[in-house]
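# Observations on chain architecture
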Amino acid sequence: MTPSTTPAAALATITVTRKPVQCEAMQFLATYDNAERILSWMNAKAGWTRDMLTDPPVTYYYGQLTIRSDRGDLHAVMGDWVICTESGATFQPIPDAMFRSLYDIPEDAAKAVAAGRDTLTKLATFGARCLIESRRELADLDGGWMQDTAVKCGVLIEHVMTTPCGPSCRCATDGAFEADGDAFVCYRYPDSVRELVREIPASGGRTA
Ligand SMILES: [Zn+2]
């Protein structure tokens, strides 16, 4: 229908369609490493560097992400998405359900995000069990217990082998393999965990 151009149109409701907007987005998972990525992404977008004498546009403190905006501080909680318009001028936290209703997420990206979240959950479960055990026993954690727990949490996989995986695998060097050819177990990260572990700086350096 052709819109009315009569003055009376100014007194009536009109129907409008929101223009499509392209944004960059990251989901806030409230882990330190995830927050670090979000901070460096957002601060770079906003053109903020550490040597500036201004507060950063975004900060992370004890599980909460705070974004400074014209409308005051905006807070993201775990699971929220942070979006950034193409110009880098606007940041906004959006709850997960609302984000999914407003934006089309490319299928590949959605799968990658879900897989990453799943892997983080496994690592978090392992971490939580270690923390609980350390508080319960108030002692050093036993290496065998940690290995079993890692297997139960899916962050290590048992591979039954009769020869070492390769010269660089720990099973070739740490004594698991006996030259008499009996089966032994090689413990390895699943690919998803290895990929994430590479991204996370361990104390004293990165680990492969
Ligand atoms: Zn091996």
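Provided above is the structure to which this section pertains.
A short tour of the structure in this document, coming up. (Residues numbered from 1 in each chain as written. Predicted model: local features only at pLDDT ≥ 70, side-chain atom pairs only at ≥ 80, totals over all residues.)

## Focus: the sheet that holds strand E2 (residues 58-61)
Keep this limit in mind: Here, a strand pair is defined by DSSP locating no fewer than two bridges between the strands. Per the convention used, a helix needs a DSSP run of H or I reaching at least four residues, while a strand needs a run of E reaching at least two, with both numbered from the N terminus. Between N-to-C directions, angles span 0 to 180 degrees; the directions come from axes that are lines fitted to C-alpha atoms, helices contributing only their stretch in contact. Each residue gets a C-beta atom placed from its backbone, and two residues are in contact if those atoms lie within 7 Å.
Spatially, three strands are ordered E2-E3-E4 in an open sheet, and the strand pairing comes out antiparallel. Of all the strands in the sheet, just E2 and strand E4 (72-76) have a single pairing partner and so form its edges. For this sheet, the mean angle separating the axes of adjacent strands, direction not counted, is 25°. Here E2 pairs with strand E3 (residues 64-69) via four bridges, running antiparallel. Pairing of Val58 across the sheet is with Ile67, part of E3. The sheet strands contacting helix H1 (residues 32-45) are E2 and E3, and the helix crosses E2 at an angle near 165°.

## Brief notes about the sheet that holds strand E1 (residues 23-27)
The three strands are arranged E1-E5-E6 in an open sheet whose pairing can be described as antiparallel. Looking along the sheet, the strands with just one partner apiece sit at the ends: E1 and strand E6 (91-94). Strand-to-strand, the axes of this sheet are offset by a mean angle of 25°, without reference to chain direction. Summarising the sheet, E1 and strand E5 (residues 81-85) pair through five bridges and their orientation is antiparallel. From the neighbouring strand, Cys23 faces E5, where its bridge partner is Thr85. Across the sheet, H1 touches E1, E5 and E6, and the angle it forms with E5 is around 15°.

## A few points about H1
Worth spelling out the cut-off: Expected span, for any helix, means 1.5 Å times one less than how many residues it has. Our exposure labels follow a C-beta count within 10 Å of each residue's own C-beta, placed from the backbone: buried means 20 or more other C-beta atoms, exposed means 12 or fewer, and partly exposed covers the counts in between. Directions pointing from the helix axis toward each C-beta atom define the arc.
Spanning 14 residues, H1 covers 20 Å between terminal C-alpha atoms, matching the ideal 20 Å at 1.5 Å per step. All buried positions along H1 are accounted for by Ala35, Ile38 and Met42. Down the axis, H1 shows its buried residues gathered within 65° of arc, on one side only. Opposite the buried face of H1, at more than 90 degrees from it, the exposed residues are Tyr32, Ser40 and Ala44. Residues of H1 that are buried sit in contact with E1, E2, E3, E5 and E6. In the stretch just after H1, Gly47 is the one whose phi turns positive, near 75°.

## Quick word on unusual backbone geometry
For Ala30, which is not glycine, the phi dihedral falls at a positive 60°. By C-beta crowding, Ala30 is classed as partly exposed, having 17 other C-beta atoms within 10 Å. Although it is not a glycine, Tyr62 sits at a positive phi angle of roughly 45°. Take Tyr62: it is sitting in the loop between E2 and E3.

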